[in-house]
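Below, each chain spelled out in residue letters.
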Amino acid sequence: MENKINTIGVLTSGGDAPGMNGAIRAVVRRAISKGMNVKGILKGFNGLLNEEIIDLHASDVSDTIERGGTILYTARCAEFRTAEGQQRGAEVCKKHGIDGLVVIGGDGSFQGAQKLASLGINTICIPGTIDLDIACTEYTIGFDTAVNTAMEAIDKVRDTSTSHERCSIIEVMGRNAGYIALWCGIANGAEDILLPEKYDYDEQKIINNIIANRKRGKKHHIIINAEGIGHSTSMAKRIEAATGVETRATILGHMQRGGSPTCKDRVYASIMGAYAVDLLLEGKSNRVVGHKAGEYVDFDIDEALAMTKGISEYQFEVSKSLSV
């Protein structure tokens, strides 16, 4: 089977995540070490359709593992959601001699890879998203860096919130998943954590909690609000009006996507990238690389996309008990 894979393509798709460059580097160098050629596809599936394809050598990925973002760039591509776009993507791969394709991204990227696999392109996916919302894996590249970036920012907001005896609502990213919010809520000692999976939209509970804490002598109140709930600014106005406590909203935004990846993200990305190449050499396709119970594993894309993932009940219960 090794002789049938001569050229591997690699692309990053969807939202960028710290550690993507580590995965790209690993794909390039693992493939070259196995005697294969590598082509980089710029700007995700959009670049594939536009044939923005370059040759990648080992030296091209030097000094990239420590960089945030993605050296291959990324873009959304509405055309690739159509059958015509998918068929053209498969034809472009064949035209450029790409025998196997590694797609680094989230569940939307996996759906694109799934379509290419059904059209005869050997395709392997690597989970790269800060949201940690891929159900088949316990870890996604970028999460550790993003959550540490958010944690450090929240620590700084807490300092000024305490100085002014304020309530601070800090909104973190994660789309409709609350993992960044939950981890930051625990790590930053937040008084309230609002998760899309758990929030009942009863603001009166938060208001009562703020008032009760003030009576106990608490000088500040930190609320971590997940992106999937949002509306932090209007929430701050309502809470201030109800409690009389000065309340500010801080939306951390895309700073969570950037920055030099942590050691964990660099190592996981490197192993996952190499593993993806090995799967292609074994003749596998339509697979997603994952991490389960301390091991690097792989799943069928169809199976992976059908899985669901929720917030740990125990972790959520602990977060509430520690905020008292």
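See the structure printed just above.
Described below are features of the structure shown in this document. (Residues numbered from 1 in each chain as written. Predicted model: local features only at pLDDT ≥ 70, side-chain atom pairs only at ≥ 80, totals over all residues. Heavy atoms only, no water.)

### Quick look at the sheet that holds strand β2 (residues 37–41)
Heads up, the rule is: Only strands that DSSP links by at least two bridges are regarded as paired with each other. Every helix listed is a DSSP run of H or I at least four residues long, and every strand listed is a run of E at least two residues long, numbered separately from the N terminus. Helix axes use the C-alpha atoms of the stretch in contact, all axes being lines fitted to C-alpha atoms, and the angles between their N-to-C directions lie in the range 0 to 180 degrees. Residue contacts follow a heavy-atom distance rule, with two residues in contact if any of their heavy atoms lie within 4.5 Å.
On the basis of which strands lie adjacent, the open sheet formed by 7 strands has the order β3-β2-β1-β4-β5-β10-β11 and mixed pairing. With partners counted over all chains shown, the strands left at the sheet margins are β3 (53–56) and β11 (295–300), one partner each. Averaged over all neighbouring strand pairs, the angle between strand axes comes to 30°, with direction disregarded. The strands touched by helix α4 (residues 107–118) are β4 (100–105), β5 (122–127) and β10 (287–292); relative to β5, the strand with the most contacts, the crossing angle is about 170°.

### Here's the deal with the sheet that holds strand β6 (residues 167–172)
Here we have 4 strands laid out as an open sheet, ordered β7-β8-β6-β9, and parallel in their pairing. The sheet is open, and its two borders are formed by β7 (192–194) and β9 (247–251), each paired with just one other strand. Here the average twist between neighbouring strands, direction ignored, is 15°. The strands touched by helix α8 (residues 232–243) are β6, β7, β8 (221–226) and β9; relative to β9, the strand with the most contacts, the crossing angle is about 170°.

### Concerning the nonpolar core
Short version of the rule: Within this scheme, the nonpolar core is defined by two criteria: the residues are buried Ala, Val, Leu, Ile, Met, Phe, Trp, Tyr or Cys, and they are joined through side-chain atoms within 4.5 Å. Each residue's exposure class comes from its accessible area (1.4 Å probe, protein chains only) as a fraction of the maximum for that residue type: buried when under 20%, exposed when over 50%, partly exposed otherwise.
One finds I8, V102, I126 and I180 to be the most contacted residues of the largest nonpolar core, which totals 59 residues. A total of 8 residues in this core trace back to one element, the largest contributor, which is helix α9 (residues 263–281). L11, C93, L101 and I134 belong to the second largest nonpolar core, which has 25 residues in total.

### As for helix α6 (residues 179–187)
Since one α-helical turn is 3.6 residues long, residues separated by three or four positions face the same way. Within the span of α6, buried status applies to Y179, I180, A181, L182, C184 and G185. The elements touched by buried residues of α6 are α5 (143–163), β6, β7, β8 and α11 (313–322). A positive phi of about 65° marks G189, the residue just after α6.

That's the geometry; what it means functionally is another story.
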